[in-house]
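Letter by letter, the chains look like this.
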Amino acid sequence: MSAFDPVRSFRKLAYNNALANVRLHRACAALLPGEFEAKRVSFFPSIKATLNHILTVDWFYVDALEGGTLGLKAFDIDEPYDRLDGLSREQADVDRRLVAFCEGLTPETAMRIIDIQRYGRIQRERADDVLNHLFQHQTHHRGQVHAILAGTSVAPPQLDEFIVSDDARFRGEELAVLDWDETKLMR
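- As recorded by an unreviewed UniProt entry, the protein chain carries the name Damage-inducible protein DinB and is attributed to Rhizobium tropici.
- UniProt, in the comment section headed Sequence similarities (unreviewed entry), describes the protein chain in these words: "Belongs to the DinB family."

Shown next as structure tokens:
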């Protein structure tokens, strides 16, 4: 048995995040015309608004984790995508970046201080705390989309499975979309 890897959980959370986003976006792609942008009762007024929010917040935090300079420009447009296809492509791109960041994470880099641009100040946080915050944010808002879907023509997809070996039989389609295999998920 190999030694305990203290950053393995961040890789697993990044993988789970990408898989859940694929599954959720695929469900949203099956919505009837008008359902994606229809006004709903939720924190954000539509599936479109909620998915755009997830994306822009991901841009903001992933860029900060990478040491980038996008900062608050991530929020210049509240809803940068009117259509799901473009939004899904951008979400997949930022998910790949987050996975790459987590795959490169070490115990030392997990403790690195990340500068996060805020209005009139720089917030300084440890990378592992930023990652925990980001994964919580994504899960929270994906859950809202999941609940909204219950009032549409599309059944909400299964999102509460985590990446354990016994669940491999449930994620083959998403792995194919991501061009991953089970070996990647179990390292």
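1. Observations regarding the overall build of the protein chain
No. 1: Summing up its helical and strand segments, the protein chain has seven helices and two strands in all.
No. 2: Order of helices (α) and strands (β) in the protein chain, N terminus to C terminus: α-α-α-α-β-β-α-α-α.
No. 3: Taking 187 residues into account, the globule formula puts the C-alpha radius of gyration at 16 Å, and the protein chain, at 17 Å, falls close to it.
No. 4: Principal-axis analysis of the C-alpha atoms gives the protein chain an extent of 50 × 50 × 25 Å.
No. 5: Counting over 187 residues, the protein chain shows a buried share of 47%.
No. 6: If you take every contact in the protein chain between residues at least 6 apart in sequence, the share linking residues at least 24 apart comes to 70%.

2. Side note on the environment of alanine 29
No. 1: Tracing the backbone shows alanine 29 in helix H1 (residues 8-29).
No. 2: For alanine 29, a relative accessible area of 56% puts it in the exposed group.
No. 3: Residues alanine 29 and alanine 127, spaced 98 residues apart in sequence, show a C-alpha to C-alpha distance of 33 Å.

3. A word on the pairing of strand S2 (residues 121-126)
Regular strands place their side chains on alternate faces of the sheet.
No. 1: Taken together, the six bridges between strand S1 (residues 113-118) and S2 define a ladder with antiparallel strand orientation. Opposite arginine 118, over in S2, you have arginine 121 as the bridge partner.
No. 2: Taking the residues between adjacent antiparallel strands as the criterion, S1 and S2 are bridged by two residues, where glycine 120 takes a positive phi near 75 degrees.

Cut-offs and rules
Residues numbered from 1 in each chain as written. Predicted model: local features only at pLDDT ≥ 70, side-chain atom pairs only at ≥ 80, totals over all residues. Heavy atoms only, no water. UniProt positions renumbered as here; feature names shortened; annotations may be inferred. Helix = DSSP H or I, 4+ residues; strand = E, 2+ residues; numbered from the N terminus. Rg over C-alpha atoms; globule rule 2.2 N^0.38 Å. Buried < 20%, exposed > 50% of the residue type's maximum accessible area, 1.4 Å probe, protein only. Contact = heavy atoms within 4.5 Å. Pairing = 2+ DSSP bridges.

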